[in-house]
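# Per-entry structural report
Single-letter residue listing:
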Amino acid sequence: MFSSSTSAAQQRKPGGPSRSAEEIPERALGFARKYGTQLTPEVFEVWYTYSARDNPQINEVLDRAMNTDQDLDVEFLTKLYSEHLSPQSAGDALDRIGGDLHGTLTRVSDALGENLKEHSVFSGTLRNAGRHLAQGSSKGEVSGVIRELHRANQQHLQAAQKLGLQLEKSRAQVAKLKNELFEVKRSSNTDYLTGLPNRRALDEVLDNEIFDARQKKHPLALMMCALDNLEAVTRTHGLSAGDETMKAFAEITRRVLRQGQTPARFAGARFAMVLPEMEPVEALQLAEALRQRFKELDAAKGMIGQLSVSVGVTELLEGDDRTILIDRADRALTDAQGEGRDRSVMA
């Protein structure tokens, strides 16, 4: 299997420990060997995420399990994946976050209501005191008014302090929920196998880049890639070899593409590259560089046999929307496959 694979866990948070793309999967494989767990895609994703140390929930559960000698079998790790890493968990997470936010806003509303009520009572006390003093009062009555004002003032201060504490707690809770929402969005837009943006994220990026290209009148290229003969790899070497091949290709796209260019897993063994401010001829040159890097990968590893990728390239034309652009790039890819694979074709 390839050691250059990556996952969603590679998207580091500021301040987190720095680990190279090679070190993280090696650590993940080491954990799998140590605990004797079969390497299904879900199990590898859990070990990879734990090795990257950027998912607090995964870290906490596995740290506790290791410290208590809990059996870390495939069933346990698959359940952990379903609860914290799978796309299906995003809906549950959003429901929970929505419930927490509703509870927080309800508590703030209740605290504001109590404070307004107390403020109204305090204002009434001040008005009554003013009337008594204006009418002229004995020394005893003035003392009573002062005591009532002192009592009302203390209650008012306590209500204000209670509101301040509630608002402070709510600010912290909202900040926490904001971070959780960001993480849910990131997870729901990430392909769990390769760590690249998924089709949902690709559609969003492509719509934004098409709008930007039209506004700024700069070129936009789209590349569609398909790993050749991946089915043969899985038949000969197993599903895990096919998964590792896709992960290796995803890592190559990260290294070849520049900042601002977006690689994504489109579907199955197909990938898309969104290339803003790039002319089609430049995109074709990039496709050739990508294709050559992928061919060189197994020449260095010498484990599966010659790997290749077919590529279709197109550019944004007048009247194109996302669907038309994708379809034209996909037709170019089909032409590349029809002409014998392992080549780049421009539409």
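One structure accompanies this document, and this report is about it. Numbers given for residues are sequential positions, taken from 1 along each chain in its written order. With pLDDT at 70 or above as the cut-off, local features in this predicted model cover only qualifying residues; side-chain atom pairs require 80 or more to be listed or tallied, and sums for whole chains, interfaces and linings still use all residues. Processing note: side-chain calculations cover all non-hydrogen atoms of the structure and skip hydrogens and water entirely.

### What to know about the pattern of salt bridges
We define a salt bridge as a side-chain nitrogen of Lys or Arg found within 4 Å of a carboxyl oxygen belonging to Asp or Glu. Enumeration over the complete set of coordinates arrives at 15 salt bridges. Salt-bridge contacts for Glu-288 lead to Arg-291; the nearest nitrogen and oxygen are separated by 2.6 Å. Taken together, the residues Glu-288 and Arg-291, both in helix 10 (residues 280–301) and 3 residues apart, mark about one turn of the helix. Residue Arg-291 is classed as buried on the basis of its relative accessible area of 11%. Lys-295 serves as the salt-bridge partner of Asp-342, at 3.1 Å between the closest nitrogen and oxygen. Taken together, the residues span a long stretch of sequence, with Asp-342 in the loop between helix 11 (322–338) and strand 5 (344–346) and Lys-295 in helix 10 at a distance of 47 residues. Take Lys-295: its relative accessible area is 21%, and that puts it in the partly exposed class. Overlapping salt bridges bring together Arg-199, Asp-203, Asp-207 and Arg-322 as one network. The helix and strand labels rest on DSSP assignments: H or I over at least four residues marks a helix, E over at least two residues marks a strand, and numbering proceeds from the N terminus. Relative accessibility decides the category of a residue: with a 1.4 Å probe and only protein chains considered, values under 20% of the type maximum give buried, values over 50% give exposed, and everything between is partly exposed.

### Description of the packing of aromatic side chains
Whether two aromatic rings pair depends on their centres lying within 6.5 Å, for rings of Phe, Tyr and Trp, where Trp uses its six-membered ring; planes under 30 degrees apart make the pair stacked, over 60 edge-to-face, and the rest tilted. Applying the stated rule across the entire model yields 8 aromatic pairs. Aromatic pair Phe-44 and Tyr-48: ring centres 5.9 Å apart, planes at 50°, arrangement tilted. Note that Phe-44 and Tyr-48 are positioned in helix 2 (residues 41–52) at a spacing of 4 residues, about one turn of the helix. Each of the two residues, Phe-44 as well as Tyr-48, counts as buried. With 6.3 Å between their ring centres and 70° between their planes, Trp-47 and Tyr-50 make a pair best called edge-to-face. Of this pair, Trp-47 and Tyr-50 both sit in helix 2, 3 residues apart, roughly one helical turn. Residue classification places Trp-47 among the buried positions, given a relative accessible area of 0%. Tyr-50 gets classed as buried once you look at its relative accessible area, which sits at 6%.

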